[in-house]
Amino acid sequence: MIENTRVGVYICHCGSNIAGVVDVAEVAKWAAGLPHVATSQDYKFMCSSLGQELIEKDIKEHGVNRVVVASCSPHLHEPTFRNACARAGLNPYLFEMANIREQDSWVTADKAEATKKAKALVAAAVSRVAHQEALNSLFVPIDPNVLVVGGGVTGIQAALEVANSGHKVYLVEREPSLGGHMAQFDKTFPTLDCSACILTPKMFDAGNHKNIQLLTWSEVEKVDGYIGNFTVTIRKRARYVDESKCNGCGVCQEKCPKKVVDEVFEAGLGYRKAIYTPFPQAVPKFPVLDRENCNFFQKGICKVCQKVCPTGAIDYEQPDTLMTVKVGNIILATGYDLFDARRIPQYGFGRLPNVFTSLEFERMTNAAGPTGGKVVLRDGVTQPKSVAIIHCVGSRDRNYHNYCSAICCMQSLKFAHLVGEKTGADVYQCYIDIRTPAKAYDEFYQRIINEGVHFVRGKVAEVTDAARGPEEAGKTIVQVEDTLIGKQRRIPVDMVVLSAGLQARADAKEVGKKFGISCSADAWFIEKHPKLDPVATMTDGVFVAGACQGPKDIPASVAQGAAAAARVLSIIGQGQIEIEAATAIVDETSCVGCKECIASCPYTAIEFLEDLQKAHVIEALCKGCGTCVGTCLSKSIRLRHFTDEQLVAEMIGAMQTMKSFETVEVQ
Amino acid sequence: MKYGYFPGCSLERNAAAYHISSMAVAKPLGMDFVEVEDWNCCGATEYVSLNLIASYALIARNLAQAAKDSTIAQLVAPCSACYLNLRKCDSYMAKSPALAEKVNTALAAGGLAYKAGTLRVRHLLDVMVNDIGCEAIAAKVTKPLKGLRVVPYYGCMIVRPGYSGQASFDNVEQPDTLDKLLAALGAEVVPFSLKAACCGGHMTQISEATGFELIRRLVKSATDGRADLIATLCPMCQLNLDAFQGPMNRFCKTDYHMPVLYFTQLVGLALGIDAKSLGIGSELVDARPALAKIGVEAPPEPEGAPKKPKRDDKSLPMPRMSAV
Amino acid sequence: MSTTTTPGPGATLFDRVVAATPGDCRLGMCIQCGTCGGSCPSGPDMDHTPRALFALINAGMRDEVLRSNTPWYCVSCYYCTVRCPQEVHITDVMYTLKRIAVQENGFDDSKAPDFSKTFIYWVENHGRAFELGLMGVHMLRHNPFGAFKIAGMGTGMLSRHRMAFKPTRIKQLNGLKAILAKAKELEASA
């Protein structure tokens, strides 16, 4: 506490958000009586420029040297008011905020109680601010390199945007090739563009860009550091193919004798070899040898690929390589998994042969797919004369996933179109709602209506082969209530396509942990703010884009990829970043060198100085969590801006105020 | 292992075969059943249609009676409706203290009380397969049911409860506990999509058209699958599919002859127990011609049955089912 | 929620149904998807599918709801309940609707309610169900010529000793009666 502490107190109305519940005028009047308060007033919107000017004026003209604003959450406006103080020449850390909105007016029904609580919160802040010290932020440089994790359309977009601006990008992709799910699709809605035709040019650009280092068949193992200064360890898995020698001729996979069901790219509908590129336009062109299914690795025989390779590029001894790179920002674009339709036994997927999932159907209609683009039954030969397409499989369903998967309505309409175009079959579309909100989407719906698809409004109850009569024999029967006529219908068809929902990747939680970000209950990565900041996360320097943040279509994914890139470029453009000054500091005179703090720090932000035998906090890594302060046995660590004196003062301010409201009954 | 045993009204008479076959196989398989003293009707689906608190009190009286024996921790019901009622009552009393209080106030008028969760309610099939185990049962089989094509028919109530956090012991849509048991007995298990579809309960008495149609579907599906007989685990299902098969045939103008036995009768046969001691012969659609097929060569596949795929066929791979 | 209070005089049919169903039945969460109507084995024979009935309840069309044969055609198979994407306890709601329909005399066809009432008569007076009594009374009242149709089945059952001629009585019938009387008293006063 300094001599002549003069606190300025400002109680914000926030329109009626606070003033509708808390008697702000009363609180301001009451606060004027608190120790060290030089001026106290209430105002409609403190965050407005006029509101901020009040603060600046009081600092410049009335000698206010401590500021308390009672308003909303510091998450929103702490920077605003700190900047106001700084502009007026007051150190921004001599400011404290009392949250009387999210923590008071928005959660308290009784107005009298809310006003009392507001007073206590203000008294706490006033008491605390008197003990606050001027602090200086740390500025750290930003490494201009960028890591993009995930090589689907979103990751490719983000990588290209950053690379085109002249900065280096490491693009890490888990599968052997770029492309992600979009590479599996046939046509894309609403334009019915061929998916590969629009994606592969971007894939080639990313693969050939001088600023993009492509690391496919690779995964990030470890991430250390903080915004501007991440150290990332990447495992490049062994392809068993020497990339410097391989020319992508494809003879190895042609001659390989081992056929395997391709569960990933072909969605289980087709085959690949043990040594393979997932599809002909793969980027990079180098194949990958699947150890688990290779005759040589499993049984010690074969080696045909090595024998036939014209350049001698097969290397069974090739090890995984670990590389460490330094980047300043990270963009996660890891995409989604398809909902496993086997979890809904009444839909028959996996039991009834002619029930297919959406991804299986995409591969089927794809001209480069296992049936050469022909729509056929599971026998691989027969063309269906009737097809049912079922919406909301695993979505909008509390038994599986509560949310809507955003793309299935459009995808189902697209399927209806493709079935009609390729087979002329009768199409029955079973839905709860038709969700076609984006540009040209509802027009696409109109187009499909025009093509004569039979729309049945009802969520399908079951898909069965148990025929009730001769007209159903040998068919796959869809049982559904046609809710618009209020009758149960049984529709015998040849083929059923399930529009399965999207779900987070199976390892999303582990991946989130690795990068220091959180996942929602449905395991999608959590954005900083769902409306105002959908690509940032609560961890500075780590961004999310595309389906990994929540189900979305290609236009939205591409937009988010570009948005994340723009955010990253703006940080790189600033050249340096301000680190919050609320960091821990070790008093080396009393530190006994026990290293307990080092073990307890969740951010590995404390190092041990061997020569001095003392602990030392690396400020740039420190997040100010306070764990070390509590752990330190000799009470040698202090957390700046959260010192014991400040916290105790805050508590006393609140408690004394609450106590003063208690009325004591005199018997 | 010792269990409380709740036979239910059906097992006294119309499903006596279920009762005596259950008793016949219990000892050889190591299950010790202690019948609940002076148990009353669980109310089936009738009592709860006209009463609320009283219907739960009616069921809870049985739970209270069973819980009197403190050496009993598990209550086994062979009848699916009794099983569902007992489980539901216990579960709802646990979830809703208000309901539990009212039920216990009512029980007190009869000098009884029941604390929700005291007993674990289980179906006989669950106990046999999950406690005794298919392996142990297979080891005791002396007369395997080889050559017998059996439809595993579960009916609706045994796997539902399976909602609102009440766990079902098997998959709610396509269970396979009975399939596994029948396979362990050496029978050929017929794939049956309608394995957990409803037999119609009492609908034959409310609307013949509805009731008989529900029975017809099941019998037709079993016949289409070339089954020799249907294995059931619920007296209502057995009554509907067996006793009402004749009236159903007359109403629907069909001519099905599909015998329906209790799974415990099949277990007994496989363990070498004689048919009479298992109540075989009490079914209205005679099962003996079907049972005569045991040990006999299976007939050749008929024309039009799905053929096994050739080596160079174009068929697309089916999804793997193991990983669910 | 639950069985604690009956809603006041201004309560809607919806409120009554929810209050009279044990636990949290989630009826208000119905999104009218039709899974229940699609799953119901006896759906095709109902006046209204379960879904349609819930729409009627929401619209407050009391008479039409109580007059509907829908709950009486429910076979209690629970397909609807386990499949409902909003986890509405549909079967429990059907039981509630039966109870309300009988209490308010809203359902015209007495066949199904009588069946339950006859079943209940034997249970309340003996402690056990009595099939011959149930079938006998029911057929006489509602389907006198039907007895001839199932004569073959009847004799088959009797000759195989699958039907008793006399009801079985539990020992502590008085205890049971006291329990049920108390329970009904509690329900009426709620």
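Predicted model, so just to flag it, every value in this text is computed and none were measured. (Residues numbered from 1 in each chain as written. Chains lettered and ligands numbered in written order. Predicted model: local features only at pLDDT ≥ 70, side-chain atom pairs only at ≥ 80, totals over all residues. Heavy atoms only, no water.)

## Here we look at the overall build of chain C
Argument step 1. What chain C contains, in helices and strands, is twelve helices and zero strands.
Argument step 2. N-terminal to C-terminal, the α/β element order of chain C is α-α-α-α-α-α-α-α-α-α-α-α.
Argument step 3. For the C-alpha atoms alone, the extent of chain C along its principal axes is close to 50 × 40 × 30 Å.
Argument step 4. Residues counted as buried form 57% of the 190 residues belonging to chain C.
Argument step 5. Across chain C, the fraction of contacts at a sequence separation of at least 24, relative to all contacts at a separation of at least 6, is 58%.
Argument step 6. Side-chain charges of chain C comprise 21 positive and 16 negative groups, with the mean position of each set lying 11 Å from the other. (Helix = DSSP H or I, 4+ residues; strand = E, 2+ residues; numbered from the N terminus. Buried < 20%, exposed > 50% of the residue type's maximum accessible area, 1.4 Å probe, protein only. Contact = heavy atoms within 4.5 Å. Lys, Arg positive; Asp, Glu negative; His and termini not counted. Charge placed at Lys NZ, Arg CZ, Asp CG, Glu CD.)

## Let's talk about the interface of chain C and chain B
Argument step 1. In this assembly, 66 residues from chain C lie in contact with 70 residues from chain B.
Argument step 2. Between chain C and chain B, a total of about 6,200 Å² is buried, with carbon and sulfur atoms accounting for 61% of that surface.
Argument step 3. Here chain C and chain B share four salt bridges between them.
Argument step 4. The partner of C:Arg128 in a salt bridge is B:Glu12, with the nearest N and O atoms 3.0 Å apart.
Argument step 5. Going through the elements one at a time, α5 (70–73), α6 (79–83), α7 (90–103), α8 (111–126), α9 (131–142), α11 (151–159) and α12 (173–189) of chain C are the ones with two or more residues in the side of chain C that touches chain B. (Buried area = accessible area lost by both parts, 1.4 Å probe. Salt bridge = Lys/Arg side-chain N within 4 Å of Asp/Glu carboxyl O.)

## Looking at the sheet that holds strand β1 (residues 2–5) of chain B
Residue and element names in this part refer to chain B.
Argument step 1. With parallel pairing, the four strands of this open sheet are ordered in space as β2-β1-β3-β4. Lying at the two open borders of the sheet, with one neighbouring strand each, are β2 (32–35) and β4 (120–123). Direction aside, the axes of adjacent strands within the sheet are offset by 40° on average.
Argument step 2. Sheet analysis places strand β3 (residues 74–77) next to β4, joined by four bridges and oriented parallel. Residue Leu75 lies in a different strand from β4, and its bridge partner there is Val121. (Pairing = 2+ DSSP bridges. Axes fitted to C-alpha atoms, helices over the stretch in contact; angles between N-to-C directions.)

## Structural notes on the packing of aromatic side chains
Residue and element names in this part refer to chain A.
Argument step 1. A full pass over the atoms with the stated rule returns 24 aromatic pairs over all chains.
Argument step 2. Here the aromatic residues Tyr240, Phe296, Phe297 and Tyr316 are joined through ring pairs into a cluster of three or more.
Argument step 3. Sitting over the ring of Phe185, Lys414 keeps its end group 5.4 Å from the ring centre. (Phe/Tyr/Trp six-rings, centres within 6.5 Å; stacked < 30°, edge-to-face > 60°. Lys NZ or Arg CZ within 6 Å of the ring centre and 35° of its normal.)

## Looking at the interface of chain B and chain A
Argument step 1. Contacts between chain B and chain A engage 21 residues on the former and 32 residues on the latter.
Argument step 2. When the two sides are added together, the surface that chain B and chain A hide from each other amounts to roughly 2,100 Å², 59% of it contributed by carbon and sulfur.
Argument step 3. Considering only the side of chain B, the residues that lose the most area to chain A are B:Leu316, B:Pro317 and B:Met318, jointly responsible for 31% of the buried surface there.
Argument step 4. Applying the counting criterion to the chain B and chain A interface returns one salt bridge.
Argument step 5. The shortest N-O distance in the salt bridge between B:Arg320 and A:Glu263 comes to 2.8 Å.
Argument step 6. In the side of chain B that touches chain A, the residues fall into eight nonpolar, five polar and eight charged. (Nonpolar A, V, L, I, M, F, W, Y, C, P; charged D, E, K, R; others polar.)

## Notes on the domain arrangement of chain A
Argument step 1. We note that the domain assignment places domain 1 (7–135), domain 2 (238–319), domain 3 (337–503) and domain 4 (584–639) within chain A.
Argument step 2. Distance from the C-alpha centre of domain 2 of chain A to the C-alpha centre of domain 4 of chain A: 51 Å. (Domains from an automatic or database assignment.)

## Concerning the sheet that holds strand β18 (residues 329–332) of chain A
All names here are of chain A.
Argument step 1. Ordered by their spatial adjacency, five strands build an open sheet running β10-β7-β6-β18-β29, and the pairing between neighbours is parallel. Because the sheet does not close on itself, it has two edges, and the strands there are β10 (212–215) and β29 (542–544). For this sheet, the mean inter-axis angle between neighbouring strands, taken without regard to orientation, is 20°.
Argument step 2. Judged from the four bridges that link them, strand β6 (residues 146–149) and β18 form a sheet pairing that is parallel. In the strand pairing of β18, Val146 is matched with Asn329.
Argument step 3. The strands touched by helix α6 (residues 153–164) are β6, β7 (169–172), β10 and β18; relative to β7, the strand with the most contacts, the crossing angle is about 170°.

## Here's the deal with the nonpolar core
Argument step 1. In terms of nonpolar packing, the biggest core is built from 171 residues, with B:Phe263 and B:Leu266 touching the most fellow members.
Argument step 2. Examining the composition of this core, we find that ten residues originate from one element, helix α3 (residues 53–67) of chain B, more than from any other.
Argument step 3. Counting residues in each nonpolar core, the second largest holds 140 residues, with A:Leu199, A:Ala416, A:Cys591 and A:Leu639 among its members. (Core = buried A, V, L, I, M, F, W, Y, C linked by side-chain atoms within 4.5 Å.)

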